[in-house]
Structure formats: C-alpha cells, structure tokens
Amino acid sequence: MNRIASKFGGSSVADHRQFLKIQAILEKDKRRSVIVVSAPGKRHSGEAKLTDLLYLCHELAKKGMPVDSPFSLIRDRFLEIEKELKLNAGIAEEMEKFHRQIVDGVDRDFIASRGEYFSGRLMAKFLNAVFVEPGEAIFFDKAGRLDPKSYDALGKLFSDPSKRYVMPGFYGADAKGRIKTFSRGGSDISGAIAARAAKAELYENWTDVSGLLMADPRIVENPHPLDIVSYREIRELSYMGASVFHDEAIAPVREAGIPINIRNTNKPDDAGTMIVSKLPEVTRYDIAGVAGKKNFSMFSVEKTMMNKEVGFARKFLELFENHQVSIEHCPTSIDTMSVVVASEEIGDKSEAIREDVLRILQPDNLDTEHELSLIAVVGEGMARQSGMAARVFKALADARVNVRIIDQGASELNIIVGVANGDYEKAIRALYGEMTRTTKD
C-alpha cells in the first residue's frame, strides 16, 4: 500500500481538541500511516513556548536553582491533554523521572527534546499506534550532520505498511548515542526524513495556514495562495526571506522526488500548496512569488581598464573573505564592480574594508551605500515569457521607485532588484500587483 507521511506542527497538537482533529484527518485517508509530531504550540499569545520553558529548566538547573515553576507548566500541559483525551499514557510517572533527570544535570539537547517526546507518547497512545523513538534511528555524524544510514535504520522501524507509526520530531542521536536536536523548527526536517525512510508517495506538512502565499501578508493585503510551486522556486523564495521551508527541511524529500503538501489542520478540506520537482506546463501565474529582505550594503569600485587587470575580481572578493564577510551578489560592468553584503555582516568593519579596497585595488572611485533592500521576483515560468523584465521595471517606475541594483541569473528563475529601504514595501506591492494582474485560468 502506498503511504503518506504526515507531520503535524506545534499549533496542530496544542491541546486535546487538536488531537481530535488529527484523528479525523488520518481517518479520511488510511495511507496516512507515518505520523511525526512537534511539541505542543502556544494556545494563546500570552503563553510561553513549551520548548522555551524546557530550555529555561536547563538554565536554572545548571545554576543550581529550583526548576519547579517552569517545570509545572510543562507537566500540566501534557497531563491536561492526557486527561481530556481520557488516556492512561503514564505521563505523570514519566514526568517525575524527567524532573529528576533535569535536577541531576542531564544535557540541554535531551531536555529540549522532551516536548516532542511526550507529544509523541500521547499521540501514539491516542491513535493506538506504534511509537518510534528517533534516538534509535536518526543519527548525526561527528560533524553534527545527518548520517545517511538513518534512512535505512528508520525505514526498518516503519517496516509494516499495515500499521500506523508515530514519531516525535526535532531530535535523533549523535555518534556517541546521546540525544541531539536539530535547529529550532527541526520537526520539519524530521518529517522529511521519515517520509523518505518510509518511501512515502507524499509528505504532508500540517500547520495552521492553508499553504504558502505569493507575498508577505504584512505588506500585501490578502496575497494569493500558491497552488503549486517547485523545489527550485521554494529555495529562491526562502533565500530571499519568504516564510517558507528552510532548504534543510526540503532536502531529504527533494532528493527522493517526494512531493510536499502544506495543509491546514484547522481547515483540512483546503487543498494547500504542493511543492514538486517539476511544474506542469501551465500554471496560474508566471511567477511563484515576490520576496525580499532589508538592510544590505553595497561597495562599488570603478577603475578604467579594470577588465584587463588579471586577478582584480579575485582580489576584491578576497578582501571580504579576509574580513569574514559573506557576499550576497556581485553585479559588474566593463569598468565597475559592486559587492552586495548583508549590513549585519559588515557591522563596524565598513571603514576597514574601504581602507583595504583603496590600498590594494587603487580604484578611480569607491562608493559605499547602505540601507538597501533586495527584492526577488521568482518563477520558473518567467523563462518562457517575453517581456518579464519590462513588466518588473515598468511596475517600479510607475510606483516611482528608483532601482539601485539589477541582477538576473542565467536560469532566468528570478529577477533581483535593489532599492532603498524606504521604498521596500512600496516596491513589493507594485511588483506583486503587476505580476498577478492577469491569470492563465
């Protein structure tokens, strides 16, 4: 039987009512047999994040201070879910043991992982499913990277396709067998690993939104949802600051060609967004979305006959490497070259970099500009459409936005423009409005 791996985020397991919604979702499609859960999320804005409370317990215990206050909040969350679902999952006894472990000085990653662990214990009991301990099958190598042997090891634990399995997200074990967590948000990574290990036909990521949006809703009012998007487009949008999957959470399923479906636990009938390897020939819009980030700096040098000076570009870029500054973009022309970097990377190094540029490169002119924003219009469909660049620059011109940087890769997957920070929101709205003005329905 073909299988679907379904990961449920923090909002989806926030209380017993959300557990009931998950049960209903799973019953609608029996292929949903591999379940990955996060720690319970916040039920209201004033509530502390459970993982933050776990980290606080570790900090207090490390200083020899009582952990009773944050620990009671953690314990009560899980006991409440257990009680409301009328379960007997042994949470009270496990919590007593966990409290002793904290006081005895167990390490930080172990403590942080328990939010997902207890969530998984409750979900497995509630669904009458097999509990899978990720510490026994998801392995990190000595460098802290995922060990590929994890897929086979975890696949063996998912061996019976007729059974339902529940696995906590967020953690595995290091080379010495100690619990090790992924970065925050790591349950998405766990879900992707589980989908690949189970050889699933689909990886569902259930959250509290009905898929991805084509623009930031804090800037664009009611942006259109994305019906379908490619892995390549997601990578570009994520890099440019859009609130989408981190590439690390996509890689396991992308490499295996498994599509991702982002769904809403609270609106399970919504189709959500499909993330696929290859887009269909016709999509609703020519673009996947518009995304950007603020606060960049640009160093521009001008030097006559620069193109004839062997090693000029290398020396220019090497200056930033020497100052431990990573480079975002590098627009050039015959006698000019610019380097764009995140302003936070520069910090107080700007003047030192300028001095090095003037001393080593001896340019005719050096210009430094700060408070710039980068905005990307992203879409695989742009390569098949004539006049896309014209539409981009006409939209910005009509909005009276001055363009400071223009950059487009050879793949024509995106067009990146740089504008002043003050024009950022106006530019996003202008570009989104132009690119969604017509559809191909």
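Residues numbered from 1 in each chain as written. Predicted model: local features only at pLDDT ≥ 70, side-chain atom pairs only at ≥ 80, totals over all residues. Heavy atoms only, no water.

*Asks:* Sorry, what's going on with the pattern of salt bridges here?
*Replies:* One side chain can pair with another of opposite charge once the charged atoms of both are near each other. Throughout the structure, instances matching the rule amount to 30 salt bridges. A salt bridge links R17 to D15; the nearest nitrogen and oxygen atoms lie 3.4 Å apart. Across the pair R164 and E27 runs a salt bridge whose closest N-O atoms are separated by 3.6 Å. Here R164 is found in the loop between helix 6 (149–157) and strand 4 (165–168), whereas its partner E27 is found in helix 1 (residues 16–28), with 137 residues between them in sequence. With relative accessibility at 17%, the residue R164 sits in the buried group. What makes E27 partly exposed here is its relative accessible area of 39%. Linked by salt bridges that have partners in common, R43, E47, R77 and E80 make up one network. (Salt bridge = Lys/Arg side-chain N within 4 Å of Asp/Glu carboxyl O. Helix = DSSP H or I, 4+ residues; strand = E, 2+ residues; numbered from the N terminus. Buried < 20%, exposed > 50% of the residue type's maximum accessible area, 1.4 Å probe, protein only.)

*Asks:* Please clarify how the pairing of strand 11 (residues 289–302) should be interpreted in this entry.
*Replies:* In regular strands, side chains alternate between the two faces of the sheet. Burial of strand 11 is extensive: 10 of the 14 residues sit out of reach of the surface. Sheet topology places strand 11 next to strand 13 (residues 365–378); 11 bridges connect them, and they run antiparallel. Paired with G289 across the two strands is V378, which belongs to strand 13. Sheet topology note: the strand 11/strand 12 (residues 336–342) ladder contains seven bridges and is antiparallel. Bridging across to strand 12, V301 finds its partner in M337. (Pairing = 2+ DSSP bridges.)

*Asks:* Would you explain helix 14 (residues 424–435) in this entry?
*Replies:* Helical geometry note: an α-helix holds 3.6 residues per turn, so side chains three or four residues apart project in the same direction. Taking 1.5 Å per residue as the helical rise, helix 14 with its 12 residues ought to reach 16 Å, and the 17 Å between its terminal C-alpha atoms agrees with that figure. Here helix 14 has its buried residues at Y424, A427, I428, A430, L431, Y432, E434 and M435. Those residues of helix 14 that are buried lie in contact with strand 11, strand 13, helix 13 (388–398) and strand 15 (414–420). (Expected span 1.5 Å × (residues − 1). Contact = heavy atoms within 4.5 Å.)

*Asks:* I'm lost on the sheet that holds strand 2 (residues 32–37) in this one. Help?
*Replies:* Either a parallel or an antiparallel arrangement is found when strands of a sheet pair, and the pairing is made through backbone hydrogen bonds. The sheet built from eight strands is open, its strands ordered 3-4-2-1-7-9-10-8 with mixed pairing. Both outer strands of the open sheet, strand 3 (130–131) and strand 8 (228–230), are each paired with one neighbouring strand and no more. For strand 1 (residues 4–8) and strand 7 (residues 202–207), the ladder comprises five bridges, and the chain directions are parallel. Note on strand 7: the bridge partner recorded for I4 is L202. Packed onto the sheet, helix 1 meets strand 1, strand 2 and strand 7 and runs at close to 155 degrees relative to strand 2. Taken strand by strand, helix 5 (residues 108–127) contacts strand 2, strand 3 and strand 4, and its axis lies near 170 degrees from that of strand 4. (Axes fitted to C-alpha atoms, helices over the stretch in contact; angles between N-to-C directions.)

*Asks:* Please explain the nonpolar core as it appears in this structure.
*Replies:* Note that soluble globular proteins tend to have their nonpolar side chains buried in a common cluster. Of all hydrophobic cores here, the largest spans 75 residues; its most connected members are L154, F158, I260, I275 and I375. No other element matches helix 14, which puts seven residues into this core. Those residues in contact with I375 that lie beyond four places of it in its chain are M240, V290, A291, G292, I415, I416, V417, V419, Y424, A427, I428 and L431. (Core = buried A, V, L, I, M, F, W, Y, C linked by side-chain atoms within 4.5 Å.)

*Asks:* Sorry, what's going on with the packing of helix 2 (residues 50–62) against helix 5 here?
*Replies:* Think of two packed helices as two axes; the pair is described by the angle between the axes and how far apart they sit. Their axes nearest at 8 Å, the elements helix 2 and helix 5 cross at an angle of 150 degrees. One way to sum up the angle between helix 2 and helix 5 is to call them roughly antiparallel. The two elements helix 2 and helix 5 meet at a crossing, and its hand is right-handed. Contacts between helix 2 and helix 5 involve L50, L54, Y55, H58 and E59 from the first element and R108, I111, A112, R114 and G115 from the second. Looking at the contact of helix 2 with helix 5 residue by residue, the classes come out as five nonpolar, two polar and three charged. (Parallel < 35°, antiparallel > 145°, perpendicular 65-115°, else oblique. Left-handed = near helix turned anticlockwise from the far one by under 90°. Nonpolar A, V, L, I, M, F, W, Y, C, P; charged D, E, K, R; others polar.)

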